[in-house]
Amino acid sequence: MLHDELRFYPGGDRAIEVELGDGMDFTLNFTVHRLVAAVREARIAAIEDLIPELASFQVNYDPDRISYEDLTAEIARIYARIGAGASGSLPSRLITMPVWYSDDQTTACIEDYRKTYPDKRTDPDLVCEMNGLADRAALARLHSGTEYWVAALGFWPGLCSLLPLRPGARIFAPKYNPPRTWTPKGAIGIGGALTCIYPDRTPGGYQLIGRSPAPIYDGAQRLPAFRDSLALFRAGDRVRFRPVTQEECAQIEAEVAAGRYEHDIVEYQVFSVDRYLDWAKGQGGRE
């Protein structure tokens, strides 16, 4: 799924889309992050922002300081220097997110949608059926039984695309057709092979399986985790989901409302893709 060479596409006169491949593959995404890190380290003065995605990244730049041709040539040289292989290490925080599976708010959202589309199967039951899971409890165990890689951020401030790191924990689901007009803030959704957390009440199309009371976006920056950024996650972070009860969910919501909640973040860790790929080779299907 990795292209033989980088593909560049202009995005107006101030942006470039750099495509490395095609697909939702961890090794491809890690190569994207390696290249983005190398471009940052090159400190090209005209670059204003770098936005990594699943198989590509966007470069925002000042065209008065560097031409499209010169900037694409420089990025291609950096790519040739570091190589296309997925190897090496990157800083990677581990963030644990509390989740109430099959909660009241996503259940209400699903039922609201089914008033217009009564043939729509309830989301957790559809996901169970499509993945050969016995019940919702089995879905919660499988979904919370792995770390997830923050592959990309975008489409809405703070919205994350998460890839499961344990091969046997992959869960697949189709998107809504047509999409919902609303989704609860903090909803956990599955679309394709990705998991996402909705940072706010927005339209959406992922199948909903639960909700996290811990915010991932804070425009007012009230909570400690948001002192340096409005969004909780960074590309290359890892996420774990911790099942909580209705009572625990309410307690966390009260702490958030009071401005006292502290996210569970391990800051100091480094992720080695070489060790991960060796480990993943020995992982079979679901247990």
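Up top is the structure.
Residues numbered from 1 in each chain as written. Predicted model: local features only at pLDDT ≥ 70, side-chain atom pairs only at ≥ 80, totals over all residues. Heavy atoms only, no water.

**What to know about helix α4 (residues 123-130)**
Next, step 1: For α4, the complete set of buried residues consists of D123, P124, L126, V127 and C128.
Next, step 2: Residues of α4 that are buried make contact with α3 (104-116), α5 (136-143), β9 (180-183), β10 (187-191) and β13 (207-211).
Next, step 3: Within two residues after α4, G132 carries a phi angle of roughly 65°, on the positive side. (Buried < 20%, exposed > 50% of the residue type's maximum accessible area, 1.4 Å probe, protein only. Helix = DSSP H or I, 4+ residues; strand = E, 2+ residues; numbered from the N terminus. Contact = heavy atoms within 4.5 Å.)

**Considerations on unusual backbone geometry**
Next, step 1: The omega torsion across N177 and P178 is 0°, close enough to zero to call that bond cis.
Next, step 2: Within the secondary structure layout, P178 lies in the loop between β8 (160-164) and β9.
Next, step 3: Positive phi is not limited to glycine here, since R43 has a value of about 50°.
Next, step 4: Within the secondary structure layout, R43 lies in the loop between α1 (26-42) and β3 (47-52).
Next, step 5: Located in the positive-phi region is S102, a residue other than glycine, with phi close to 50°.
Next, step 6: The residue S102 is located in the loop between β6 (94-101) and α3 in this model.

**Let's talk about the sheet that holds strand β1 (residues 2-10)**
Next, step 1: Strand order in this open sheet of 4 strands is β1-β2-β4-β3, and the pairing throughout is antiparallel. Two strands close off the open sheet at either side, each with one partner strand: β1 and β3. The mean angle between the axes of side-by-side strands here comes to 15°, regardless of whether they run parallel or antiparallel.
Next, step 2: With 5 bridges connecting them, β1 and strand β2 (residues 15-21) associate as antiparallel partners. Across the sheet, the residue bridging to R7 is E19, located in β2.
Next, step 3: Docked against the sheet, α1 engages β1, β2, β3 and β4 (56-61), running at close to 165° with respect to β3. (Pairing = 2+ DSSP bridges. Axes fitted to C-alpha atoms, helices over the stretch in contact; angles between N-to-C directions.)

Scope: geometric values only; no functional claims are made or implied.
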